[in-house]
Amino acid sequence: MHPSPSTLIDQTTGPKYSYNDHETWIATFTFLCVWILVAKQWDAFPLGKSAAALLGAAVMVLTGVITPEEAVFSISSNTLFLLFGLMIILAKLEEKGLMLLVQRLLLFGKPTPTTLLIRVSLLSALLAATVMNDGAAIFLSSVVMSICEQAEVPVEPYAMALATSANLGSAATIIGNPKNMIVNENMPSTTFLTFTLRMGPAALAAILLNTFLVVVWYRATLKGKRLRRLKRMQHGVAGSEEGEKEDVEEEEEETEEESGGE
């Protein structure tokens, strides 16, 4: 009879190993090696982050630090299925035109580069709380890259806002990141609403502070910049003749104003 996950957790609440036995040193050394492989890509060891983690887990089992049964029951299958489901939902939403909707939302009105930066930060946090931080980053990165390339503005401020706010926003809900899912799996009495009510305010405060700091940090970088081809992007990812015409007319007006000022 296999032990249940709760039994395994109870068994590991106390100190199972001491610093005098070899298993503790093997586990510590393995953890450090995996951490180094995950933190940086090494030419001598061309392993991805997932492969490095699996290699570390295999070493732990092969050296007897944990048993095969403990390894199997340490896998959070509910979390994996939830991640898989969220990725499918996100892919289907993208297929149905979510990317175009998000682009129009970010470019609504006549945003300045700073306004766009604020919108990217807040939208990244919102998506992270609803479709997971990885999903938000993967989805939004393509939209933000496309906007920055066409608008001729630097990518770095928007990429920084996207990444940092996605991490902070994911703390607000159970489905925001895998860590929250695992916590909920081991504390099933915590409902989605309860978790959000407790974590949401702290996450919101962190998101607002992060957005403010990103805007201040990149203020000089975005100073004097303007979003080009704005009308064309507002009409769709690939643009339109109407939007292109409006952009050309706007650029001609600006050129005339600059020439008149000189």
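Residues numbered from 1 in each chain as written. Predicted model: local features only at pLDDT ≥ 70, side-chain atom pairs only at ≥ 80, totals over all residues. Heavy atoms only, no water.

Student: Account for the confidence of the model for the protein chain, naming residues and giving values.
Tutor: Of all residues in the protein chain, 80% have pLDDT values of 70 or greater, and the mean over the chain is 79. Within the model, the stretch residues 1–15 combines pLDDT values under 50 with eight contacts to residues more than four positions away or in other chains. Every residue in residues 252–258 is under pLDDT 50, and counting partners more than four places away or in other chains gives one contact. (pLDDT = per-residue confidence, 0-100. Contact = heavy atoms within 4.5 Å.)

Student: So what's going on with the layout of surface pockets? Which residues, and what values?
Tutor: Its boundaries defined by the atoms lining it, the second largest pocket holds a volume of some 410 Å³. In this structure, the second largest pocket is lined by Leu54, Ala57, Ile66, Ala71, Ser74, Ile75, Ser76, Thr79, Leu80, Leu83, Pro178 and Ile182. Grouping the amino acids of the lining of the second largest pocket by side-chain chemistry returns nine nonpolar, three polar and no charged. (1 Å grid on protein atoms, 1.4 Å probe; cavity = no way out; pocket = protein on both sides within 12 Å on 5 of 7 lines; lining within 4 Å. Points joined across faces, edges and corners; volume = space filled by probe spheres on them. Nonpolar A, V, L, I, M, F, W, Y, C, P; charged D, E, K, R; others polar.)

Student: Any details on a nonpolar patch on the surface? Residues and values, ideally.
Tutor: A contiguous nonpolar patch, built from Phe31, Leu32, Trp35, Ile36, Trp42 and Phe45 and spanning about 680 Å² of accessible area, is present on the exposed surface. Among the secondary structure elements, Leu32 is positioned in helix α2 (residues 22–39). Residue Leu32 is classed as partly exposed on the basis of its relative accessible area of 46%. (Patch = residues over 30% accessible without salt bridge, like charges linked within 9 Å, V, L, I, M, F, W, Y side chains within 5 Å. Areas by Shrake-Rupley, 256 points an atom, 1.4 Å probe, with all protein chains shown as cover. Salt bridge = Lys/Arg side-chain N within 4 Å of Asp/Glu carboxyl O. Helix = DSSP H or I, 4+ residues; strand = E, 2+ residues; numbered from the N terminus. Buried < 20%, exposed > 50% of the residue type's maximum accessible area, 1.4 Å probe, protein only.)

Student: Tell me about the environment of Ala128, and name the residues and values.
Tutor: Residue placement: Ala128 occurs in helix α7 (residues 113–131). Apart from the residues within four sequence positions on either side, Ala128 is in contact with Asn133, Ala136, Ala166, Gly169, Ser170, Ile175 and Gly176.

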